[in-house]
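# Tertiary structure, described
Now for the letters of each chain:
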Amino acid sequence: MTNLPTPFERFIQGILPENPVYRQLLGLCPTLAVTNGLKPALTMAVAVGAVLLSANIIISLIRNLLKPHLRIVVFTLTIATFVTIVDRLLAAYLYQMSKALGPYIPLIIVNCIIICRCEVCASRQNVLAASADAVGQAIGFGLALTGIAAIREILGTGMIAGVQLLPTAWPSWVIMVLPPGAFLTFGLLLALVNWIDSVRSNNEGRKG
Amino acid sequence: MDYIFDIFLISISAALINNFVLYYFVGICPFIGVSRRVDMALGMGSAVTFVMTIAVFLSWTITTLVLMPGAPVSRWVAGHFMSAEKAAGIDLTILTYIIYIFSIASSVQFVEMYVRKFYPPLYKSFGVFLPLITTNCAILFACLTVMSNIIGGENPIEAWDLGRALALGLFGGAGFTIAIVIMAGIREELDLCDIPAPFKGAAITLIVGGILAMAFMGFNGVDSGLKAALTGAP
């Protein structure tokens with residue numbers, strides 16, 4: 001058990017080196033579906049973060065009771081419980097946002113990020129490491145989501161969260177806030193991340 | 001006749017106009033992961049269609065009989081413990097997500113065991129895809145759409161019956177199959193192309209998906225046009 005990452009390493013890994021969206025390509029449904037504006041993207045990131053943190057803590061606490069063949073079912077039911085709580089809270093305090101996000105809040109249940117983190121980290125390490133991991137992954141997910149959402153909203157409407165950013169003469173690229181824009185933006189960003197990566201590893205190779 | 005039009009419109013809308021993958025972005029993970037070869041994509045698509053129809057049937061039945069406010073079974077059970085008026089007001093909708101995911105997981109398990117026992121060739125062609133389907137967002141999304149059309153609507157007469165729900169499940173799955181098979185066909189050709197290194201893999205798949213989504217946007221408005229043509233309304 002000594003070779004598992006420490007809580008701090010887990011936290012850092014989630015943000016960039018093992019970013020759930022760009023590196024592991026997990027949780028793509030919300031990444032593409034709710035990023036047509038900055039506000040829904042932020043709400044989604046916070047909701048996923050809350051569910052991830054609670055699920056990781058619970059799974060980490062009961063990790064010694066889990067039977068290997070039943071663990072996925074236990075993960076899913078734990079996640080479903082917390083998603084119900086988050087869904088009701090959103091409906092109570094942010095009704096408009098809950099209407100706008102619609103089915104994508106319950107779809108957090110089948111978000112691969114959470115099941116993957118339960119499997120990789122929470123079912124093996126203690127509560128501290130599991131919660132650090134959850135917070136790190138949630139921040140990484142939030143960064144990815146808000147990045148895509150900001151690009152799509154600025155190009156699509158010229159505004160960001162209601163503030164006019166580009167000159168009013170900007171011909172809004174409506175396609176960016178429609179479904180195809182999600183695929184295009186994310187595909188281009190993914191290629192950009194890959195390119196930066198290859199440039200950096202080339203430089204390191206030359207130094208070494 | 002109105003009923004048949006309705007089913008027809010639901011089917012067209014689920015399969016083409018509001019395609020699950022290209023419009024609602026559900027089931028993206030297999031769309032990128034399993035769309036490397038056409039036969040694999042076809043296997044995945046048919047497995048999803050199969051399970052989606054079963055899951056929609058299960059969730060429609062459970063929702064109408066047990067979970068809805070004033071549903072018959074829960075009212076009958078609660079009637080043994082409390083007065084009849086109190087039992088009529090019982091509302092279990094808060095349990096929907098847990099029940100749905102549980103019914104999807106168990107139906108996948110049952111389908112897998114049944115197919116392995118009685119149709120070994122079919123089992124071989126479904127292969128590893130069946131267990132993966134449990135965490136496929138498209139299935140849960142279909143169940144949730146059916147739920148919102150039973151419970152969410154203000155007008156109880158417009159609530160969906162089993163036929164409409166099954167049409168959504170079957171043709172939603174067909175739409176998923178169409179999208180993933182087209183994608184696999186394009187990717188087989190892409191293998192022969194000279195793609196810039198950073199775009200290799202998922203990035204080019206997403207961009208092709210974006211172009212496909214634009215093509216599918218061409219179906220927008222087909223449903224209202226068809227409705228006008230079929231019912232003769234202006």
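Since the model is a prediction, treat every value here as computed from it, not as a measurement.

For the structure on display, the rule yields 6 salt bridges over all chains. Put simply, arginine 71 of chain A and glutamate 119 of chain A hold a salt bridge, and the shortest N to O gap is 2.9 Å. One end of the pair, arginine 71 of chain A, is in helix H4 (residues 71-93); the other, glutamate 119 of chain A, is in helix H6 (residues 112-122), and 48 residues separate them in sequence. Residue classification places glutamate 119 of chain A among the partly exposed positions, given a relative accessible area of 22%. Put simply, aspartate 161 of chain B and arginine 164 of chain B hold a salt bridge, and the shortest N to O gap is 3.4 Å. Given a relative accessible area of 28%, aspartate 161 of chain B falls into the partly exposed group. One continuous salt-bridge network, built from bridges that share partners, spans Asp6, Asp161 and Arg164 of chain B.

With that out of the way, let us pick up the packing of aromatic side chains. With the rule as written, the count across this model stands at 9 aromatic pairs over all chains. Ring centres of tyrosine 24 of chain B and phenylalanine 141 of chain B lie 4.9 Å apart, and the angle between their planes is 45°; on these two criteria the pair is classed as tilted. Of this pair, tyrosine 24 of chain B sits in the loop between helix H1 (2-17) and helix H2 (28-33) while phenylalanine 141 of chain B sits in helix H9 (residues 137-152), and the two are 117 residues apart along the sequence. Chaining the aromatic ring pairs together yields one cluster made of Tyr104 of chain A together with Phe20, Tyr23, Tyr24 and Phe141 of chain B.

Attention now goes to the packing of H4 of chain A against helix H6 (residues 96-118) of chain B. Close contact between H4 of chain A and H6 of chain B brings their axes to 8 Å; oriented N to C, the two are set at 155°. Taken as axis vectors, H4 of chain A and H6 of chain B run roughly antiparallel relative to one another. Crossing angle aside, the handedness with which H4 of chain A passes H6 of chain B is right-handed. Facing Val73, Thr76, Leu77, Ala80, Thr81, Val83, Thr84 and Asp87 of chain A of H4 of chain A, the residues of H6 of chain B in contact are Tyr97, Ile98, Ile101 and Phe102 of chain B. Looking at the contact of H4 of chain A with H6 of chain B, its residues break down into 8 nonpolar, 3 polar and 1 charged.

Next up on the list: H1 of chain B. Every buried residue of H1 of chain B is listed here: Phe5, Leu9, Ile10, Ser11, Ser13, Ala14, Ala15 and Ile17 of chain B. In this structure, the buried residues of H1 of chain B make contact with helix H10 (162-190) and helix H12 (222-231) of chain B.

This brings us to unusual backbone geometry. Residues and elements named next belong to chain B. With a phi angle near 60°, phenylalanine 25 is a residue other than glycine that sits in the positive phi range. Mapped onto the fold, phenylalanine 25 is located in the loop between H1 and H2. Given the relative accessible area of 4%, phenylalanine 25 is considered buried.

Conventions we followed
- Residues numbered from 1 in each chain as written.
- Chains lettered and ligands numbered in written order.
- Predicted model: local features only at pLDDT ≥ 70, side-chain atom pairs only at ≥ 80, totals over all residues.
- Heavy atoms only, no water.
- Salt bridge = Lys/Arg side-chain N within 4 Å of Asp/Glu carboxyl O.
- Helix = DSSP H or I, 4+ residues; strand = E, 2+ residues; numbered from the N terminus.
- Buried < 20%, exposed > 50% of the residue type's maximum accessible area, 1.4 Å probe, protein only.
- Phe/Tyr/Trp six-rings, centres within 6.5 Å; stacked < 30°, edge-to-face > 60°.
- Axes fitted to C-alpha atoms, helices over the stretch in contact; angles between N-to-C directions.
- Parallel < 35°, antiparallel > 145°, perpendicular 65-115°, else oblique.
- Left-handed = near helix turned anticlockwise from the far one by under 90°.
- Contact = heavy atoms within 4.5 Å.
- Nonpolar A, V, L, I, M, F, W, Y, C, P; charged D, E, K, R; others polar.

Purely geometric numbers; function is a separate question.
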